[in-house]
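Structural overview
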Amino acid sequence: MAHQYFSNEFQEDNGVLILDRDDKYVANFGKQWRDHVDIQIDSKNNFSCSQDLLENVIFSQLDYFNDKSVLEIGCGAGRFSEHIVKHAKELVLVDLSQAIFFNVAQSEQNCSRVKADFLRLMPNQKFDVVICRGVLQHTPSPTESIKKLYDFVKPDGEVIFDIYPPPKVGFLSPKYFLWRPLFKNLIKYESCEQFLIKNIKVLLGAKRIIRKIFFNSRFISDCFIPVYDYKGLLDLSEKQLEDWAVLDTLDGMYAQYEYPMSYKKVHALLKTLKVDVRFSSKKFNAFRTSPRG
């Protein structure tokens, strides 16, 4: 199914079209989704965290995808794919990392998979919807990546994306000036993963004590302990909170690139691209747009 949409020459491996065998700058994400594939999958955990986020990003209920051809860029393990595939006429998944082999929607007949750097894909036919969630800040140039999304969509289609906003304290955030350089330069990914799995209960407990002492300040607790903690933010069991903490700490510390963009800067870019911003959200830094501006 994916062949018809791209003019690139592909190899094939276990049902996946391969343009880029090397994971390049997203190797850490491939490891994360290989080893922690089910953690954010709604159907595996009896929650709706991913569905809720997806609906917030698309500014609609899931029937928005009904009978549409959809390209999902940066699909990962499929936390959103498993919902989109139930509604879309056809769903093409693209990911540069090994995660493409573990996507939970892979067995659906209306789904096909491509392992590629989407910036290298050459469109042949175009899609009704292009969606890219949680990805753009991890590319070498988010500006160029946003521009590229519009190469894949029909003139009357829609491009939906989000991008991490900068932290309120900018790059004074401890993740940027302290923890990420320390982790990436001094601690191997595998060593960190095993340490987190073994000690996450203690780390989360200590972090919550620190936060309580400092008037519930997440910023201060992040300065002391860099693990992610969603207690009070997401409706998860304690075991799920621990699993998410391991996964997102690895995500946050080992991404090769992270270039957030403010809501204002994204709007300015879209204005230069002369696209129509149909819906947007400052809370999620999300945009639903049409190339027919």
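Scroll up a little and you will see the structure.
Summary of the structure given here.

Conventions we followed
- Residues numbered from 1 in each chain as written.
- Predicted model: local features only at pLDDT ≥ 70, side-chain atom pairs only at ≥ 80, totals over all residues.
- Heavy atoms only, no water.
- Phe/Tyr/Trp six-rings, centres within 6.5 Å; stacked < 30°, edge-to-face > 60°.
- Helix = DSSP H or I, 4+ residues; strand = E, 2+ residues; numbered from the N terminus.
- Buried < 20%, exposed > 50% of the residue type's maximum accessible area, 1.4 Å probe, protein only.
- Pairing = 2+ DSSP bridges.
- Axes fitted to C-alpha atoms, helices over the stretch in contact; angles between N-to-C directions.
- Contact = heavy atoms within 4.5 Å.
- Parallel < 35°, antiparallel > 145°, perpendicular 65-115°, else oblique.
- Nonpolar A, V, L, I, M, F, W, Y, C, P; charged D, E, K, R; others polar.
- Arc of directions from axis to C-beta.
- Core = buried A, V, L, I, M, F, W, Y, C linked by side-chain atoms within 4.5 Å.
- Polar contact = N/O pair within 3.5 Å; in protein donor to acceptor, adjacent residues only side chain to side chain.

Some words on the packing of aromatic side chains
If you walk through the whole model with that rule in mind, you get 17 aromatic pairs. The interplanar angle of 25° and the centroid separation of 6.2 Å between the aromatic rings of Phe-214 and Phe-224 together place this pair among those described as stacked. With Phe-214 in the loop between α7 (189–213) and α8 (218–224) and Phe-224 in helix α8, this pair connects stretches of sequence that are ten residues apart. By relative accessible area, Phe-224 is classed as partly exposed at 48%. Grouping aromatic residues by their ring pairs yields a cluster made of Tyr-5, Phe-6, Phe-10, Phe-127 and Phe-152.

Thoughts on the sheet that holds strand β8 (residues 276–281)
A sheet is described by the order of its strands in space; here nine strands give the open sequence β1-β2-β5-β4-β3-β6-β7-β9-β8, paired in mixed fashion. Here the strands that pair on one side only, and so sit at the sheet edges, are β1 (11–13) and β8. Averaged over neighbouring strand pairs, the angle between their axes works out to 20° when direction is ignored. Bridge count for strand β3 (residues 69–73) against strand β6 (residues 127–132) is three bridges, and the pairing is parallel. Each residue of the ladder has a partner; that of Val-70, found in β6, is Val-129.

Observations concerning helix α1 (residues 27–35)
Of all the positions in α1, only Asn-28, Phe-29, Gly-30, Gln-32 and Trp-33 are classed as buried. Against the buried residues of α1 lie α7 and α9 (238–254).

Topic: the packing of α1 against α9
In contact at an axis separation of 10 Å, α1 and α9 are set at 175° when each is read in the N-to-C sense. The pairing of α1 with α9 is recorded here as roughly antiparallel in orientation. Facing Asn-28, Phe-29, Gln-32 and Trp-33 of α1, the residues of α9 in contact are Leu-247, Leu-250, Asp-251 and Tyr-254. When the residues that make up the contact of α1 with α9 are grouped by side-chain class, the tally is five nonpolar, two polar and one charged.

Some words on the environment of Val-94
Its place among the elements puts Val-94 in strand β4 (residues 90–95). With sequence-adjacent residues up to four places away left out, Val-94 is seen in contact with Leu-71, Glu-72, Ile-73, Gly-74, Cys-75, Ile-100, Val-114, Ala-116, Phe-118 and Leu-121.

Focus on the pairing of β3
Moving residue by residue along a regular strand, the side chains alternate between the two faces of the sheet. Counting buried positions along β3 gives five out of five residues, so the element sits mostly inside the fold. Of the two faces of β3, the one lined by Ser-69, Leu-71 and Ile-73 and the one lined by Val-70 and Glu-72 are each fully buried.

Overview of helix α10 (residues 263–273)
For α10, the set of buried residues is Tyr-263, Val-266, Leu-269 and Leu-270. Around the axis of α10, the buried residues are gathered within 125° of arc, so they sit on the same side. Exposed residues pointing more than 90 degrees away from the buried face of α10 are listed as Lys-264, Lys-265, Lys-271 and Thr-272. If you follow the buried residues of α10, they end up packed against α5 (142–149), β7 (153–162), β8 and β9 (286–290).

A few points about the nonpolar core
Counting 34 residues, the largest nonpolar core has Phe-6, Val-114, Leu-121, Leu-149 and Phe-161 as its most contacted members. Of all the secondary-structure elements, those providing two or more residues to this core are β3, β4, β6, α5, β7 and α10. Broken down by element, the residue count for this core peaks at four residues, all from α10. With residues up to four places along the chain from it excluded, the contact list for Phe-6 reads Leu-71, Val-92, Val-114, Leu-121, Met-122, Pro-123, Asn-124, Phe-127 and Phe-152. By size, the runner-up hydrophobic cluster in this structure holds 25 residues, among which are Val-16, Leu-54, Tyr-64 and Cys-111.

Topic: the side chain of Asp-23
Relative to the helices and strands, Asp-23 resides in the loop between β2 (16–18) and α1. At a separation of 3.1 Å, a polar atom in the side chain of Asp-23 contacts the side chain of Gln-98. Excluding anything up to four places from it in sequence, Asp-23 contacts Gly-30, Leu-96, Ser-97, Gln-98 and Lys-115.

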